[in-house]
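Coordinate inspection notes
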Amino acid sequence: KAGVTQTPRYLIKTRGQQVTLSCSPISGHRSVSWYQQTPGQGLQFLFEYFSETQRNKGNFPGRFSGRQFSNSRSEMNVSTLELGDSALYLCASSRDTSDTGELFFGEGSRLTVL
Amino acid sequence: AQSVTQPDIHITVSEGASLELRCNYSYGATPYLFWYVQSPGQGLQLLLKYFSGDTLVQGIKGFEAEFKRSQSSFNLRKPSVHWSDAAEYFCAVFTGGGNKLTFGTGTQLKVEL
């Protein structure tokens, strides 16, 4: 079974631009979560989608948004980028049979904002 | 609100030595507990999990963890560390309401040859 795939792996943007990151979950997984990882704040939950519906949202400004498609693939978007948005963005998927918190992570998209 | 504490930011052990990484959680009931490992530039890999039952759980790569309700702890152990175990280790808790995990701040493990 293929794992969680995130694209792009690396990207560089400048302040004020926007970025879209993509995540393809493990086949059959309908829950997709996004996390931001930075050296200062650690791993922080952004949001979770299940069957195209946002089920949970973390404490991030409205510049951070996401969506999920009918094939469970998910995208997250960050608008009006700030230097502090530089981070590793991790996507994780989970089996849809029960909510246990067991997540399978992708390798992440490393965003650098200049 | 639930929280996870990993008191050791950095740990250095010699190859072949035993390892114990500490994790304490704060939550009113017994949560589901996880240990993940992250190698440099990589995502997180699940090492082991505790949902219920036997308080000593076995994971991949020779790791085990013990859940102690009285101490609100879920410490990770390995009897003999290999150089390839050098990585960052995260403890996490799940307390329901969708697939949202609360992570500790991580423990960076260095292995001396």
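The present account deals with the structure reproduced in this document. Within each chain, residue numbers correspond to sequence positions counted from 1 in written order. Here chains are named by letter from A upward and ligands by number from 1 upward, in the order in which they appear as written. The model is predicted, so local features are restricted to residues of pLDDT at least 70 and side-chain atom pairs to those at 80 or more, both for listing and for counting; the totals for chains, interfaces and linings are taken over all residues. The side-chain values count all of the structure's non-hydrogen atoms but skip hydrogen atoms and water molecules.

1. Brief notes about the side chain of A:Q36
Residues and elements named next belong to chain A. Numbering of helices and strands runs from the N terminus, with a helix taken as a DSSP run of H or I at least four residues long and a strand as a DSSP run of E at least two residues long. When you line up the elements, Q36 lands in strand β4 (residues 31-38). Within the local environment of Q36, its side chain forms a polar contact with the side chain of Y89, the two groups lying 3.0 Å apart. Excluding its chain neighbours within four sequence positions, the residues that come into contact with Q36 are G42, L43, Q44, L46, F60, F64, G84, D85, A87, L88 and Y89. Any pair of N or O atoms that falls within 3.5 Å is considered a polar contact. Within protein, one atom must be able to donate a hydrogen and the other to accept it, and sequence-neighbouring residues count only if both atoms are side-chain atoms. Contacts are assigned to residue pairs that have any heavy atoms within 4.5 Å of one another.

2. Considering the interface of chain A and chain B
Accessible area lost when the parts come together is the quantity often used to give the size of an interface. The interface of chain A with chain B comprises 21 residues on the first partner and 19 residues on the second. Approximately 1700 Å² of surface area, both sides summed, lies buried where chain A meets chain B, with 52% of it carried by carbon and sulfur atoms. The term salt bridge refers to a pairing of a side-chain nitrogen on Lys or Arg with a carboxyl oxygen on Asp or Glu at a separation within 4 Å. Counting every contact that joins chain A to chain B gives 1 salt bridge. Two residues, A:E102 and B:K49, come together in a salt bridge whose shortest N-O distance is 2.8 Å. Where chain A meets chain B, there are 5 residue pairs in polar contact (both at pLDDT 80 or more). Those elements that place two or more of their residues in the side of chain A that touches chain B are β4, β5 (42-50), β6 (53-57) and β9 (87-94) of chain A. Per-element tally for the side of chain A that touches chain B: the top contributor is β4(A), with 4 residues. Across the side of chain A that touches chain B, the residue classes break down as 7 nonpolar, 8 polar and 6 charged. By definition, the buried area sums, over both parts, the 1.4 Å-probe accessible area that each loses when the two are put together. Residues were grouped as follows: Ala, Val, Leu, Ile, Met, Phe, Trp, Tyr, Cys and Pro as nonpolar; Asp, Glu, Lys and Arg as charged; and all remaining residues, including Gly, as polar.

3. Digging into the pattern of salt bridges
Taken as a whole and assessed by the stated rule, the structure comprises 12 salt bridges over all chains. A salt bridge links B:K78 to B:D85, with the shortest nitrogen-to-oxygen separation between them at 2.8 Å. Across the pair, B:D85 and B:K78 agree in class, each one buried. Residues participating in the shared-partner salt-bridge network are A:R63, A:E82 and A:D85. Only protein chains enter the accessibility calculation, which uses a 1.4 Å probe; a residue whose area is less than 20% of its type maximum is buried, one above 50% is exposed, and one in between is partly exposed.

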